[in-house]
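Secondary and tertiary structure notes
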Amino acid sequence: MGDCIFCKIANGQIPSNTVYEDDMFRVILDISPANKGHMLVLPKEHADNLFEISEDTFGKGFILAKKMAEALKKAVECEGVNILQNNGLEAGQTVNHLHIHVIPRIKGDKVVIKSESVSVSEDEFKTICDNIKNNL
Ligand code: 5GP
Ligand code: ZN
């Protein structure tokens, strides 16, 4: 665990606005929310990111994120919900303890998730396709 802040929050050593807890997870309100109701699903067991976490915990985390999104949709005014999860600095991960964002979306809000697209040739599409298939 070391100095991991999310380990300490998930395991109750640091107080948080907890909306759900079981033996594997704690779900908290994000301290700096993108919208009101923005939650984080935290596994209690430490893993830096998706490359370290077990399939079982990752899968259960997303099932829990769905449950939280369903409650969120009834609890706050929102037309949509984003479930997202960042892995690595380049992907926008700022806390190295895997977490799943559950973000309520409201028409006209200030959340930005879209990116510009890069151009890819037909050959490149095929090579990328093959490379991914060969690494499954
Ligand atoms: P990331 O960018 O790593 O995917 O997201 C980290 C999230 O954790 C951010 O949205 C940030 O606001 C939230 N966060 C960071 N520190 C704390 C904290 O101490 N408590 C809570 N509740 N949220 C935190
Ligand atoms: Zn941790």
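Look up a bit, the structure's there.
Sequence order sets the numbering: in each chain, residues are counted from 1 along the sequence as written. Each chain takes a letter, starting from A, and each ligand takes a number, starting from 1, following the order in which they are written. Thresholds applied to this predicted model are a pLDDT of at least 70 for local features of residues and 80 or more for the giving and counting of side-chain atom pairs; totals over whole chains, interfaces and linings are not thresholded and use all residues. Calculation of side-chain values draws on the structure's entire complement of heavy atoms; hydrogens and water are dropped beforehand.

The pairing of strands in a sheet comes from backbone hydrogen bonds and takes either a parallel or an antiparallel form. Strand pairing is assigned whenever DSSP identifies at least 2 bridges connecting the two strands. Under the scheme used here, helices are H or I runs from DSSP no shorter than 4 residues and strands are E runs no shorter than 2 residues, and both carry numbers assigned from the N terminus. Pairing within the open sheet is antiparallel, and its five strands lie in the order S1-S2-S3-S5-S4. Sheet topology places strand S1 (18-21) and strand S4 (80-84) at the edges, where each strand pairs with a single neighbour. Adjacent strand axes in the sheet meet at a mean angle of 15 degrees when their direction is disregarded. Bridging between S1 and strand S2 (residues 25-29) involves three bridges; their strand directions are antiparallel. Across the sheet, the residue bridging to Thr18 is Ile28, located in S2. By definition, residues are in contact when any of their heavy atoms lie within 4.5 Å. Interaxial angles span 0 to 180 degrees and are taken between N-to-C directions of axes, which are lines fitted to C-alpha atoms, for helices over the stretch in contact. Helix-sheet contacts for helix H2 (residues 55-75) involve S1, S2, strand S3 (39-43), S4 and strand S5 (100-105), and the interaxial angle to S5 is about 20 degrees.

Here a donor is an N, O or S atom found within 2.8 Å of the metal, or within 3.2 Å if the metal is Na, K or Ca; sites may look incomplete because water is not among the atoms. Donor atoms from the polypeptide that coordinate the zinc ion (ligand 2) comprise Cys4 (SG), Cys7 (SG), His46 (ND1) and His97 (ND1), at 2.0 to 2.3 Å from the metal. Donor angles set the geometry label: tetrahedral for four donors if every angle is between 85 and 135 degrees, square planar for four and octahedral for six if opposite donors exceed 155 degrees and the others are between 65 and 115, irregular for anything else. Here the zinc ion (ligand 2) is ringed by four donor atoms whose angles at the metal span 104 to 118 degrees, and the overall shape comes out tetrahedral. Taken in sequence order, the residues that donate to the zinc ion (ligand 2) follow the motif C-x2-C-x38-H-x50-H. Cys7 matches Cys4 in its accessibility class, with the two residues each being buried. Here's how the labels work: a residue is buried when its accessible area is under 20% of the maximum for its type, exposed when over 50%, partly exposed in between, all with a 1.4 Å probe on protein chains only.

Assignment of secondary structure puts Gln85 in the loop between S4 and S5. By relative accessible area, which is 15% here, Gln85 ends up buried. Expressed as a C-alpha distance, the spacing of Gln85 and Asn49, which sit 36 residues apart in the sequence, is 9.0 Å. Once residues within four sequence positions are removed from consideration, Gln85 is found in contact with Leu50, Phe58, Phe62, Leu98, His99 and Ile100. Two N or O atoms count as a polar contact when they lie within 3.5 Å, although within protein this holds only if one can serve as hydrogen donor and the other as acceptor, and sequence-adjacent residues are included solely when both atoms are side-chain atoms. Among the polar contacts made by the side chain of Gln85, one reaches the side chain of Asn87 at a distance of 2.9 Å.

Here the focus is the pairing of S2. The buried fraction of S2 amounts to four of the five residues, a majority that puts the element mostly inside the structure. Direction of pairing for S2 relative to S3: antiparallel, over a ladder of five bridges. The residue bridging Arg26 from the neighbouring strand is Leu42, located in S3.

Here we come to the packing of aromatic side chains. Here the aromatic set is Phe, Tyr and Trp, taking the six-membered ring for Trp, and pairing holds for ring centres within 6.5 Å; pairs whose planes are under 30 degrees apart are stacked, those over 60 apart are edge-to-face, and all others are tilted. Per the counting criterion, the structure on display carries one aromatic pair. Look at Phe58 and Phe62: their rings are 5.0 Å apart centre to centre, the planes differ by 65 degrees, and that puts the pair in the edge-to-face class. Of this pair, Phe58 and Phe62 both sit in helix H2, four residues apart, roughly one helical turn. For Phe62, a relative accessible area of 31% translates into the label partly exposed.

Surveying the vicinity of ligand 1 reveals 16 residues, the closest of which are Asp30, Gly92, Thr94, His99 and His101. Val95 places a polar main-chain atom, nitrogen or oxygen, 3.1 Å from an oxygen atom of ligand 1. The side chain of His99 places a nitrogen or oxygen atom 2.9 Å from an oxygen atom of ligand 1. Considering ligand 1 on its own, with 520 Å² of exposed area, one finds that the protein chains cover 81% of that surface. Here a residue is considered near a molecule or strand provided that any single heavy atom belonging to it is located within 4 Å of it. Under the convention used here, a 1.4 Å probe and the Shrake-Rupley method define accessible areas, while residue burial counts only the protein chains that appear.

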